[in-house]
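Fold and contact review
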Amino acid sequence: MITKSTYKTTCDVKNCRNIAEYCFETKGKMGKTYLCRECLEKIIRFGVENKKVKSVVNAVKKAMTQTTTKE
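Please read all numbers here as calculations on a predicted model, not as lab measurements.

1. Let's talk about the side chain of Thr 33
Examined against the element boundaries, Thr 33 turns out to sit in strand β3 (residues 32-35). The exposure class of Thr 33 is buried, given its relative accessible area of 16%. Non-local contacts of Thr 33, meaning those with residues more than four positions away in its chain, are made with Asp 12, Tyr 22, Cys 23, Phe 24 and Thr 26.

Now the structure itself:
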């Protein structure tokens, strides 16, 4: 879960020197990763643009073929 950062630190993204406003917990030595608003928005935009939309029609067809093949 992404939360507001309570520490004054820089963004952990390479070559970004902005002040981090958000953080999320990670495994390993670091424990938390800090992000500025700009980098967080870029990550969100990238995720939205690359999300694969599943067709509802294909799901319905798949369910129908599974029920007909069982009988």
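2. Some points on the environment of Tyr 34
Here Tyr 34 is to be found in strand β3. Along the primary structure Tyr 34 and Glu 21 are separated by 13 residues, whereas in three dimensions their C-alpha atoms are 7.3 Å apart. With sequence-adjacent residues up to four places away left out, Tyr 34 is seen in contact with Ser 5, Tyr 7, Thr 9, Thr 10, Cys 11, Asp 12, Ala 20, Tyr 22 and Cys 23.

3. Description of the sheet that holds strand β2 (residues 22-25)
The sheet built from 3 strands is open, its strands ordered β1-β2-β3 with antiparallel pairing. Two strands in the sheet have a free side with no partner beyond their single neighbour: β1 (3-4) and β3. Where helix α1 (residues 37-49) meets the sheet, it contacts β1, β2 and β3, and its direction lies at approximately 100 degrees from that of β3.

4. Things to note about the pairing of β3
As defined by bridge partners, β2 adjoins β3 across 4 bridges and the pair is classed as antiparallel. Of the residues in β3, the one forming a bridge with Phe 24 is Thr 33.

5. With respect to unusual backbone geometry
The phi dihedral of Asn 15 is positive, around 65 degrees, even though this residue is not glycine. As for its placement among the helices and strands, Asn 15 is situated in the loop between β1 and β2. Classification of Asn 15 as exposed rests on a relative accessible area of 75%.

6. Let's talk about the pattern of salt bridges
One pass over the structure, following the stated rule, counts 2 salt bridges. The partner of Glu 21 in a salt bridge is Arg 37, with the nearest N and O atoms 3.4 Å apart. With Glu 21 in the loop between β1 and β2 and Arg 37 in helix α1, the pair connects residues that are 16 residues apart, well separated along the chain. Two residues, Lys 42 and Glu 38, come together in a salt bridge whose shortest N-O distance is 3.5 Å. With Lys 42 and Glu 38 both in helix α1 and 4 residues apart, the pair spans about one turn of that helix. Since its relative accessible area comes to 45%, Lys 42 is described here as partly exposed.

Conventions adopted
Residues numbered from 1 in each chain as written. Predicted model: local features only at pLDDT ≥ 70, side-chain atom pairs only at ≥ 80, totals over all residues. Heavy atoms only, no water. Helix = DSSP H or I, 4+ residues; strand = E, 2+ residues; numbered from the N terminus. Buried < 20%, exposed > 50% of the residue type's maximum accessible area, 1.4 Å probe, protein only. Contact = heavy atoms within 4.5 Å. Pairing = 2+ DSSP bridges. Axes fitted to C-alpha atoms, helices over the stretch in contact; angles between N-to-C directions. Salt bridge = Lys/Arg side-chain N within 4 Å of Asp/Glu carboxyl O.

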